[in-house]
Amino acid sequence: MRFTDQVAIVTGGGGTGLGSTLAHRFAAEGAAVVVADANGEAAGEVAKSVRNQGGQALGVRTDVRREDDVDAMRNAAVREFGRIDVLVNNAFTSNPASILDARIEDWSRDIDVILKGTFLCSQRVLPTMIGQGKGVIINISSVNAHTHVGASAYSAAKAGVESLTRNLAVEHAPDGIRANALVPGTFRTDVWNEREKLVPDLLERLGSWYPLGHVGTTDDIATAALFLASDEASWITGALLPVDGGLLAGNPRFAREVHPENDR
Ligand SMILES: NC(=O)c1ccc[n+]([C@@H]2O[C@H](COP(=O)([O-])OP(=O)(O)OC[C@H]3O[C@@H](n4cnc5c(N)ncnc54)[C@H](O)[C@@H]3O)[C@@H](O)[C@H]2O)c1
């Protein structure tokens, strides 16, 4: 129980993928969880499911792009649970259009939800953490920040989040606050399961690009998030941790082309 008496906010926490896994995993380790999502109904459902399993949780409709929503999210956390120990910036949108085809409103939405949203939630939660002399921010980036996978706005926003992570870490280290980013590769969610109905074996095919031979799970990512949020990581800040089955480490197919003599 690494988070007893602690309070964690998960943005995008109403999502059926990582958001809800994070909410359940933090609650299972003792945290009271604020499930913040632009989809208020989904936030409420996840909070209810956490409570049904014996945890403490509150669902709050929060659009991370809106100052008034984010202030209300922070106020609800403090009013209900008295403090804020962990903020996970998980909310995202992503449009797949190519650079030539991207509509400016879709491009701007991804940048706003991911980059501005991460900035705004961090900025508004920081004073509470500074007052406590302790707090942790976990930003969810993506391998897209490091290598071309398409979705140019999403990818650029995630790269911005990684830079912001370093700013948060260094500016607020003297306040006892740590900030780190996870860099996930593809992990299985309902959205991917739906796409798999259109493209059979999609996740198996994607998995074949990963040195470890398969895509990840929401638990793979949540396990790393909980570690970074816990006191076990008390000397880790400003770090970007790939949780990607080795994808960013290199491309085994390319290596085999370069050195066919090593093929086995
Ligand atoms: N699924 C993958 O393969 C993958 C790979 C790399 C990185 N990631 C990252 O992991 C995180 C979680 O992804 P997921 O697919 O599990 O999603 P998820 O299931 O956690 O859902 C994300 C939630 O964000 C919410 N949201 C969207 N716009 C919002 C806004 N303006 N304000 C508040 N909430 C908003 C949505 O309503 C949704 O519930 C994201 O940051 C994503 O970029 C995912």
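Details of the structure are given in the entry above.
A brief structural summary. All values reported here derive from a predicted model rather than from experimental measurement. Here the residue numbers are simple positions, counted from 1 along each chain's written sequence. Given that this is a predicted model, residues contribute local features only at a pLDDT of at least 70 and side-chain atom pairs are listed and counted only at 80 or more, while totals for whole chains, interfaces and linings are drawn from all residues. The side-chain values count all of the structure's non-hydrogen atoms but skip hydrogen atoms and water molecules.

Examining the side chain of Asp63
Right, on to step 1. Mapped onto the secondary structure, Asp63 falls in the loop between β3 (56–61) and α3 (67–81).
Right, on to step 2. Every residue pair with non-hydrogen atoms within 4.5 Å of one another is taken to be in contact. Beyond its immediate sequence surroundings of up to four residues, Asp63 is in contact with Ala38, Asp69 and Val70. A helix here means a DSSP run of H or I that spans at least four residues, while a strand means a run of E at least two residues long, and both kinds are numbered starting from the N terminus.

Re the side chain of Glu162
Right, on to step 1. Note on placement: Glu162 falls in helix α5 (residues 152–172).
Right, on to step 2. Here Glu162 sits buried without a salt bridge, and the closest side chain of opposite charge, Arg166, lies 5.5 Å off (N-O distance).
Right, on to step 3. The residues touching Glu162, leaving out its near neighbours within four places in the chain, are Ser141, Ser142, Ala145, His146, Val183 and Leu240. Note on exposure labels: buried denotes an accessible area under 20% of the residue type's maximum, exposed denotes more than 50%, and partly exposed covers the range between, all computed with a 1.4 Å probe on protein chains only. A positive count includes Lys and Arg, and a negative count includes Asp and Glu. His and the chain ends are not counted in either. What makes a salt bridge here is a side-chain nitrogen of Lys or Arg within 4 Å of a carboxyl oxygen of Asp or Glu, nothing more.

Looking at the sheet that holds β3
Right, on to step 1. Strands qualify as paired when DSSP identifies two bridges or more between them. Across the sheet, which stays open at both edges, the 7 strands sit in the order β3-β2-β1-β4-β5-β6-β7 with parallel pairing between neighbours. In this open sheet, the two edge strands, each paired with only one partner strand, are β3 and β7 (240–243). Within this sheet the neighbouring strands show an average axis-to-axis angle of 20°, counted without direction.
Right, on to step 2. Pairing of strand β4 (residues 86–89) with strand β5 (residues 135–140), which is carried by 4 bridges, proceeds in the parallel orientation. Within the sheet, the bridge partner assigned to Val88 lies in β5 and is Ile138.
Right, on to step 3. Axes here refer to lines fitted to C-alpha atoms; in helices the fit is confined to the stretch in contact. Angles between the N-to-C directions go from 0 to 180 degrees. Helix-sheet contacts for helix α2 (residues 40–52) involve β2 (32–37) and β3, and the interaxial angle to β3 is about 175°.

Describing the site of the ligand
Right, on to step 1. Taken together, the neighbourhood of the ligand is formed by 29 residues, with Gly17, Leu18, Gly19, Asp37 and Tyr154 sitting nearest.
Right, on to step 2. Interatomic distance of 2.9 Å between a backbone N/O atom of Asn90 and an oxygen atom of the ligand.
Right, on to step 3. Any pair of N or O atoms that falls within 3.5 Å is considered a polar contact. Within protein, one atom must be able to donate a hydrogen and the other to accept it, and sequence-neighbouring residues count only if both atoms are side-chain atoms. One nitrogen or oxygen atom from the side chain of Trp192 is found 2.9 Å from an oxygen atom belonging to the ligand.
Right, on to step 4. Taken together, the elements giving at least two residues each to the shell around the ligand come down to α1 (18–28) and α5.
Right, on to step 5. Each residue gets one label: Ala, Val, Leu, Ile, Met, Phe, Trp, Tyr, Cys and Pro are nonpolar, Asp, Glu, Lys and Arg are charged, and the others, such as Gly, are polar. Taken together, the residues of the shell around the ligand break down into 11 nonpolar, 14 polar and 4 charged. Neighbouring residues are identified by heavy atoms, a residue being near a molecule or strand if any of them is within 4 Å of it.

Examining the pairing of strand β6 (residues 177–184)
Right, on to step 1. A large share of β6 lies buried, amounting to 8 of its 8 residues.
Right, on to step 2. Alternating residues of β6 divide into Ile177, Ala179, Ala181 and Val183 and Arg178, Asn180, Leu182 and Pro184, and every residue in both groups is buried.
Right, on to step 3. Across 6 bridges, β5 lies against β6 in parallel orientation. Paired with Ile137 across the two strands is Ala179, which belongs to β6.
Right, on to step 4. What joins β5 to β6 is α5, and the crossover it makes is right-handed. Note on handedness: a crossover is taken as right-handed if, strands pointing away from the viewer, the path from the first strand over the helix to the second is clockwise.

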